[in-house]
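# Structural overview
These are the residues of each chain, in order.
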Amino acid sequence: MSQPRAALSVDFEFFTHLPAYRGARGVTDRPAVGLGGVTALLDAFADADASGTFFTVGEIADEHPAVVERVAAEGHEVASHTHTHRHLSELDGPERRDELVRSKERLSEVIGSPVTGFRAPSFDLGPGHFRTLADLGYEYDSSIVPCRSIPGWYGGEFDAERPTRANAVDPAAPADLAEVPVAVMPRLRLPLTGTWIRFFGVEYTILGMRLLARRGVPPVLYVHPWELVDLPAVEGVPKRVYVRTGAYMRRAVRRILDESFEFVTVRELADSVVSPGSAPSEGRE
Ligand SMILES: [Zn+2]
């Protein structure tokens, strides 16, 4: 009997890439906070015989190429999470393009194969997002969260909950770009991971995964390496960032990977919608 599929994706960034850190009064002199979390994640994936996708900040490939190479060498997908992890909607057109181009080039160079997937920092999209991605050679996006509107956060814009063609979420998007939305809890419509796994606990996440699987939706989860390590206290970083980081999240990741799912890359889920022979969505063609 085949298991339902799921994706545990990693937004590979450091604590110092967080908008909540960049906007804080204080600073840390600890370098690369979160790098140890990458090792913990790779070990957990290996123990579960699972693969995942690491949406990686391009400048990390400049500073720590060996780690990015290791991620790819262990059978995981390396995709782009921009070059410097700034919010796309706050950049002008050329800057936005540069974030997408540089990260793709640099990451591809380090791993020795093409990077085709993208996730936006904080799921924040710039104008013409999907068209720009396709023009620059990306093949799928995973920056949609079909959650309720959360004031001061995001949400309320999209309702697609399963992998689809991008033109099903935005009519202006090209038909050959795939969109792989991030998982939200049915009815409650809050994300299964991110801050919510740490607020509500890993049982909440696992319940959501099972409910989605019952509806035939592959759950797409995301975690950050910095969530798996003990964080430095920095003045002005909101308390929510610290909730249950470290040991709790290291255990939570292993609990998730113990569930009866086949953990695949986000690329594999994207391929199921735009591969040759797959049915076009919503009769747009
Ligand atoms: Zn991020």
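Residues numbered from 1 in each chain as written. Predicted model: local features only at pLDDT ≥ 70, side-chain atom pairs only at ≥ 80, totals over all residues. Heavy atoms only, no water.

The name that an unreviewed UniProt entry assigns to the protein chain is DUF3473 domain-containing protein, with the source organism given as Halosimplex pelagicum.

### Some remarks on unusual backbone geometry
Positive phi values are uncommon outside glycine, yet A32 reaches one of about 50 degrees. Note that A32 resides in the loop between α1 (19-22) and α2 (35-47). One non-glycine residue, S122, lies in positive phi territory at about 55 degrees. Structurally, the position occupied by S122 is in the loop between β4 (117-118) and α6 (129-135). The partly exposed category is assigned to S122, whose relative accessible area is 33%. (Helix = DSSP H or I, 4+ residues; strand = E, 2+ residues; numbered from the N terminus. Buried < 20%, exposed > 50% of the residue type's maximum accessible area, 1.4 Å probe, protein only.)

### Re the nonpolar core
Ranked by internal contacts, the top residues of the largest apolar core, which has 69 residues, are V68 and F263. With six residues, the single largest contributor to this core is helix α9 (residues 247-258). Excluding its chain neighbours within four sequence positions, the residues that come into contact with V68 are F12, T56, I60, A61, V78, L107, V110 and I111. (Core = buried A, V, L, I, M, F, W, Y, C linked by side-chain atoms within 4.5 Å. Contact = heavy atoms within 4.5 Å.)

### Brief notes about the packing of aromatic side chains
Applying the stated criterion across every chain, the model contains ten aromatic pairs. Between F118 and Y138, the ring centres sit 5.7 Å apart and the planes meet at 70 degrees, which makes this aromatic pair edge-to-face. Here Y138 lies in the loop between α6 and β5 (140-141) and F118 lies in strand β4, a separation of 20 residues in the sequence. What makes F118 buried here is its relative accessible area of 0%. By the ring-pair criterion, three or more aromatic residues cluster together here, those being F12, F14, F45 and F54. Across from the ring centre of Y138, 5.5 Å away, lies the NZ or CZ of K104, which sits over that ring. Positioned over the ring face of Y248 is R244, at 4.6 Å from the centre of the ring. (Phe/Tyr/Trp six-rings, centres within 6.5 Å; stacked < 30°, edge-to-face > 60°. Lys NZ or Arg CZ within 6 Å of the ring centre and 35° of its normal.)

### Brief notes about the coordination of the zinc ion
Coordination of the zinc ion by the protein involves E13 (OE), H81 (NE2) and H85 (NE2), with metal-donor separations of 1.9 to 2.1 Å. Within one chain, the residues donating to the zinc ion are spaced in sequence as E-x67-H-x3-H. Here E13, found in the loop between β1 (5-12) and α1, pairs with H85, found in the loop between β3 (77-80) and α5 (93-111); they are 72 residues apart in sequence, far enough to count as distant. Accessibility expressed as a relative area gives 2% for E13, which makes it buried. (Donors = N, O, S within 2.8 Å, 3.2 Å for Na, K, Ca; no water.)

### Quick word on the packing of α2 against helix α4 (residues 65-73)
Contact geometry of α2 with α4 gives a least axis separation of 11 Å together with a crossing angle of 15 degrees. Taken together, the axes of α2 and α4 are roughly parallel relative to one another. Here the hand of the crossing between α2 and α4 comes out left-handed. For the pair formed by α2 and α4, the contact residues are L35, V38, T39, L42 and D43 on the first element and V67, R70 and V71 on the second. Of the residues that constitute the contact of α2 with α4, the class distribution is five nonpolar, one polar and two charged. (Axes fitted to C-alpha atoms, helices over the stretch in contact; angles between N-to-C directions. Parallel < 35°, antiparallel > 145°, perpendicular 65-115°, else oblique. Left-handed = near helix turned anticlockwise from the far one by under 90°. Nonpolar A, V, L, I, M, F, W, Y, C, P; charged D, E, K, R; others polar.)

### Points about the packing of helix α8 (residues 202-214) against α9
Packing of α8 against α9 leaves a shortest axis separation of 10 Å and a crossing angle of 20 degrees. In terms of axis orientation, α8 runs roughly parallel to α9. The interaxial crossing formed by α8 with α9 has right-handed handedness. For the pair formed by α8 and α9, the contact residues are V202, E203, T205, I206 and M209 on the first element and Y248, A252, R255 and I256 on the second. Here the residues of the contact of α8 with α9 sort into six nonpolar, one polar and two charged.

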